[in-house]
Structure formats: structure tokens, C-alpha cells
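# Descriptive analysis of the structure
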Amino acid sequence: MSNTRVLPLLDPEVSDVAKVAEVVAPCCPPLTERPFTAEEAETAARMFKALGDPVRLRLFSAVASHEGGEACVCDISDVGVSQPTVSHHLKKLKEAGLLTSERRGTWVYYRVEPSVLSAMGKLLTISPAAA
């Protein structure tokens, strides 16, 4: 039995998988395209806030770069803080929609969805109009 749940990028209120696809790609237009609306700024700020902590950024990077695109918590918890603190930071990354997880036996495996990385990349891309 799997308890995998696809999280929308920065919108924990969306639970329908079809709606998730709409929310995830993209979250916001490129920064150089036009000024953000208030809603777009809130969405991007939640993502950057989650990644603004060095431990969270290390955990996110460890998951994103792990072989196979997913990492067991047992493989990424060596970031210089206690296990409960690692769990707290992983929870915050999940709440921000940056990670998904699946429990397998006693271990939890984390994954960065490709659509999340794509949406983040689009946000920081120079739009053709600004180039």
C-alpha cells in the first residue's frame, strides 16, 4: 500500500491530481516578464522561504541529485542536525510543495517532482521580451 501524495507547488489546499497539474506548471511567470501579482508573489515567496534555510536547501539538493530521483530519509539525514530536526525540515519542504514522499516499511522516500524543478526554472528564466 502506498501513501504517495502529489503535492502542488506551494498550494497545500489543492488535493485533486488534475488540479495539481494546473497549479504546478508554472507557478509564476519569469521574473523578467512582468511584475508579479500579489498571488504570484505569495506563491513564489513560500517556495523561496522554504528554500531559504541552509539545512532545507541541502536536503532539497540531496533529494534532487540522488540517484534514481528519490532518496530514503536514511540516505540524506547527515546534514549536521538531529533526526527530529531533519524531519521538521522535510515536512516544511513538503508543505511548500517542493517534495513528495512515500512510506515503504519503516522508511520514508522523498522525491522532487520534475514539474517542480521545471516551474522553478521557468521562474528564474529571462523571458524573450527582456533578452
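The rules behind these values
Residues numbered from 1 in each chain as written. Predicted model: local features only at pLDDT ≥ 70, side-chain atom pairs only at ≥ 80, totals over all residues. Heavy atoms only, no water. Helix = DSSP H or I, 4+ residues; strand = E, 2+ residues; numbered from the N terminus. Buried < 20%, exposed > 50% of the residue type's maximum accessible area, 1.4 Å probe, protein only. Areas by Shrake-Rupley, 256 points an atom, 1.4 Å probe, with all protein chains shown as cover. Pairing = 2+ DSSP bridges. Axes fitted to C-alpha atoms, helices over the stretch in contact; angles between N-to-C directions. Contact = heavy atoms within 4.5 Å.

## Here's the deal with the overall build of the protein
- Helices and strands together make up the secondary structure of the protein, namely six helices and three strands.
- If you list the helices and strands of the protein from N to C, you get α-α-α-β-α-α-β-β-α.
- For the protein, buried positions account for 35% of its 131 residues.
- Roughly 7700 Å² of accessible area belongs to the protein as shown, and the carbon and sulfur atoms make up 56% of that amount.

## Quick word on the sheet that holds strand β2 (residues 100–104)
- Read from one edge of the open sheet, three strands run β1-β3-β2, paired in antiparallel fashion. Every interior strand has two partners, whereas the edge strands, β1 (70–72) and β2, have only one. In this sheet, neighbouring strand axes are inclined to one another by 25° on average, regardless of whether the strands run parallel or antiparallel.
- Pairing geometry for β2 and strand β3 (residues 107–111), over five bridges, is antiparallel. In the strand pairing of β3, R103 is matched with V108.

## Focus on the side chain of R56
- Relative to the helices and strands, R56 is located in helix α3 (residues 54–65).
- Those residues in contact with R56 that lie beyond four places of it in its chain are K49, A50, H88, H89, K92 and L93.

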